[in-house]
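Spelled out from the first residue to the last, the chains are:
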Amino acid sequence: MAPNSPQSRHSTSIGPSILVKLKKLKKSKYFTLSYYRNNISFFTTIFVYFLIQIVLSIVQYYLYIESNLAVRFARVGGILLNFNSSLIILLVLRRLVTWLRNSLLGRNFLPVDNFLKFHKFIGIFIILLSILHTVSHCVNLYWLSDEYKGLKGITSLNVNNVSVVSKIISTLSQLNTTDVKFGHTDGLYQLNSSNKTHYVSVSSAPYVELLFTTKSGLGWILALAMPTGWALWFILAIIELFSMPCIRKKGYFQVFYYTHWLHVVYYVLLIVHAKNYWKWFILPALLIVFERLFTFIRVKSVKYGDTYIKDVNLLSSKVTQLIIPRPANFKFKCGDYLFIKVPKIARYEWHPFTISSAPELKDELWLHVRSLGNWTHKLYDYFQDVSKNQTNELYYTPARKNGLTLETKYERRKSKYVVMVDYRKSSSLSQTNYSTNESNNENRFKKNLNLSSNIKNIWMEIAIDGPYSTPTSRIFNSEHVILIAGGIGVTPFASILQSLWFKYAKSLKTCPGCSHQWYDQMDKKKLKRVDFVWVNRDYQSFEWFIELLGQIELQQINSNKDKRFIGLHLYMTSANKVQTIKPLDSPDFDKNGQIETKIDHFTLQLNPGRPDFDQLFSEISTSSSEKKIDVFFCGNRDFGKHVQKKCYAHDFKFHKEYF
Ligand SMILES: Cc1cc2nc3c(=O)[nH]c(=O)nc-3n(C[C@H](O)[C@H](O)[C@H](O)COP(=O)(O)OP(=O)(O)OC[C@H]3O[C@@H](n4cnc5c(N)ncnc54)[C@H](O)[C@@H]3O)c2cc1C
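Predicted model, so just to flag it, every value in this text is computed and none were measured. (Residues numbered from 1 in each chain as written. Predicted model: local features only at pLDDT ≥ 70, side-chain atom pairs only at ≥ 80, totals over all residues. Heavy atoms only, no water.)

Colleague: Sorry if this is basic, but what is going on with a positive patch on the surface here?
Modeller: Residues Lys117, Lys120, Lys249, Lys250, Arg637 and Lys641 make up a contiguous surface patch of positive charge. Of all the secondary-structure elements, those providing two or more residues to the positive patch are α7 (115-144) and α24 (637-649). Checked against the element boundaries, lysine 249 lands in the loop between α12 (245-248) and α13 (253-260). (Patch = residues over 30% accessible without salt bridge, like charges linked within 9 Å, V, L, I, M, F, W, Y side chains within 5 Å. Areas by Shrake-Rupley, 256 points an atom, 1.4 Å probe, with all protein chains shown as cover. Salt bridge = Lys/Arg side-chain N within 4 Å of Asp/Glu carboxyl O. Lys, Arg positive; Asp, Glu negative; His and termini not counted. Charge placed at Lys NZ, Arg CZ, Asp CG, Glu CD. Helix = DSSP H or I, 4+ residues; strand = E, 2+ residues; numbered from the N terminus.)

Here you go:
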């Protein structure tokens, strides 16, 4: 073949590209054993999910074996739609998911972290099933229509099973023929003779009327199956269309959010459309009612609803730190998130944010909000204006009820709570001591973090709904964890690192005789080692939590242990050489002379560029004494996918949370 012939050009250009693709595929995560080991509960669930549907399909198919093929397929599609329409909503009931994640079932068998992905998959599957269901019904109705039979205007009988013709005719002859009405099931009139059901179809309308009116007789309520079917299609199309990433992720999240509420209409129509759907919907309906009621009560109740933003810090890279007095009895775990609504910014918008403070911080909740889109920018700009004007006008804003200022209202409630806590404390001596230590630690922590708020005592109304769990809440069940954060994805890990700081501080013991101090065993469940990797573009972003990291580093130095419990690996992608950052002005751990000299020159190292995960993971795994290493990632999707691939290559278990 001539080198320049079209064929040769064709083969040389396609050949390498296929090879490259094959090589890429071979390198992809799907070709690693680790990928399947990592996702075993996911694959088991998928297997069970399809198995249930295969069984349902077979049973349904044989139940309608006497009907024509179109009816059989329509029925199979129908039952699968019932199943999937009920399942899809269970996967996004946040309270149920939070409860499941912490349960034995969720920890060991159910892929709770993949529920959202599964929800999206079922959404698409519902569309495919709807196509099957609708096309089958359309074909069946066509076969029943006047057009198909060429019997326009003439009533006809069409018996599916020839062997029973005589029986049906004799059954019909016993009936008053004026009583025979068109269509009770799938456009077929049912005649019960002996122990069998025979289907007789009677054509009575043009195709268009059968499709779009109640003339088909389909449906259990006023023969509304066809009109409601088309309405369901309309709703499904809107929901699917506005769920696409180009809407959801490109600044139109609220459009996605509100169109998703059409699911309520979807369920009402589905109950009218399909005779048996209400039976499938009982369990989801109960859970939805429970979830909504619980949320409503929490948001509205005095305990959780009347909450205020007390202080605000405007941090570098347009991050707003909100400090909220922690409502009484508000319990949460490291890595949990909240939905917040700030009426001053938008009356009806709820946005999710991870709690960046530790559960040990008893009187405050922190949220770090990066300015990304409309709402978050508005929040930052609002407080920037306040800080410029510093009128403190809000501080004196009277509360709507009783003419109290928001602060006095809060203080009153808080004082009630404090009395209650004091009473409980006095009933147990050990608890009192423990609490005192704890509050000392809290004060020390806040002091060391130099928490000077830009805007103090703003007392601005905020509603919170939560907490809800994330994969990160499993950290204390692992032995060795690598926490990897990209940018603001640091928030769940900030909570964990703070919590570890508190646990460390709590384990600090002092000899009553010689005042010698040492760190005892920490209460950290299974956790034996933590490596924290934080990747930021610029220097300023490290400032969000650099004081916290400094405190942790100091604790490590002071603990005087051979092995570090927490390893810090910080990366600045815009740098081309190693940089340092000085976190602390006045450390208060300078009791030991030897350590003091270190503290004088105390800095943290910022590595340039992106981490080389192959190298980093190899180093960590060589130095680790634990067999199992779990990686928790929080950041953007592309970065996450890269880390995931590396995890599979190193046989680490990967958990992710994308913002
Ligand atoms: C579980 C969770 C925890 C989060 N924690 C933090 C955090 O600690 N700090 C932080 O800065 N950001 C966090 N985010 C992201 C934060 O919720 C969004 O950045 C914020 O809602 C953007 O709103 P916007 O109107 O400014 O931007 P938009 O332009 O409207 O949206 C920007 C992006 O945020 C997402 N988003 C917007 N509104 C919502 C919503 N109501 N619910 C879910 N996603 C939404 C959209 O998918 C979009 O991709 C978290 C998100 C989730 C899901």
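Colleague: What is the right way to look at helix α14 (residues 263-273) in this model?
Modeller: In an α-helix, one full turn covers 3.6 residues, which means residues spaced three or four apart are oriented alike. Those residues of α14 that fall on the buried side of the exposure criterion are His263, Tyr266, Tyr267, Leu269, Leu270 and His273. For α14, the angular spread of buried residues about the axis comes to 165°, placing them on one side. (Buried < 20%, exposed > 50% of the residue type's maximum accessible area, 1.4 Å probe, protein only. Arc of directions from axis to C-beta.)

Colleague: Teacher, can you tell me more about unusual backbone geometry here?
Modeller: A negative phi angle is the norm for most residues apart from glycine, just as the trans form is the norm for most peptide bonds. Of the consecutive residues glycine 466 and proline 467, the connecting peptide bond is found in the cis state with omega at 0°. Along the chain, proline 467 falls in strand β10 (residues 460-468). Positive phi outside glycine occurs at lysine 318, with the angle close to 55°. On the secondary structure map, lysine 318 appears in the loop between β5 (311-315) and β6 (319-325).

Colleague: Looking at this structure, I do not really get the sheet that holds strand β14 (residues 529-536). What am I missing?
Modeller: Each strand in a sheet pairs with another by means of backbone hydrogen bonds, the pair being arranged parallel or else antiparallel. Spatial ordering of the open sheet is given by β16-β17-β15-β14-β11-β18-β19, a layout of 7 strands whose pairing is mixed. The strands lining the two open edges of the sheet, one partner per strand, are β16 (579-581) and β19 (653-658). The average angle at which neighbouring strand axes cross in this sheet is 20°, direction not considered. Bridge count for strand β15 (residues 566-572) against strand β17 (residues 604-608) is 3 bridges, and the pairing is parallel. Note that in β17 the partner of leucine 570 across the bridge is leucine 606. (Pairing = 2+ DSSP bridges. Axes fitted to C-alpha atoms, helices over the stretch in contact; angles between N-to-C directions.)

Colleague: Whenever I open this one, the pairing of β5 confuses me. Can you help?
Modeller: Two faces belong to every sheet, and in a regular strand the side chains alternate between them. Burial analysis of β5 places 4 of its 5 residues in the buried class, which makes it a mostly covered element. As paired strands, β5 and β6 are joined by 5 bridges and run antiparallel to one another. Along β6, the bridge assignment pairs asparagine 313 with glutamine 321.

Colleague: Is there a simple way to explain the UniProt feature "transmembrane region" (unreviewed entry) in the protein in this structure?
Modeller: Annotation from UniProt places "transmembrane region" (unreviewed entry) at residues 40-64, 76-97, 118-143, 220-243, 255-274, 280-299 and 481-502. A distance of 36 Å separates the end C-alpha atoms of residues 40-64, which is 96% helix and 0% strand. Here residues 118-143 is 100% helix and 0% strand, with 37 Å between the C-alpha atoms at its ends. (UniProt positions renumbered as here; feature names shortened; annotations may be inferred.)

Colleague: Would you take a moment to explain the site of the ligand for this structure?
Modeller: Surveying the vicinity of the ligand reveals 22 residues, the closest of which are Trp350, His351, Pro352, Arg370 and Thr376. Contacts to the ligand include arginine 248, whose backbone N or O atom sits 3.5 Å from an oxygen atom. In the model, an oxygen atom of the ligand is placed 3.2 Å from a nitrogen or oxygen of the tryptophan 375 main chain. The fraction of the free accessible surface of the ligand (860 Å²) that becomes covered by protein chains is 86%. Counting only elements with at least two residues in the shell around the ligand, the list comes to β8 (351-354), β9 (364-370) and α17 (374-389). Here the element with the most residues in the shell around the ligand is β8; it accounts for 4 residues. Across the shell around the ligand, the residue classes break down as 10 nonpolar, 8 polar and 4 charged. (Near = heavy atom within 4 Å. Polar contact = N/O pair within 3.5 Å; in protein donor to acceptor, adjacent residues only side chain to side chain. Nonpolar A, V, L, I, M, F, W, Y, C, P; charged D, E, K, R; others polar.)

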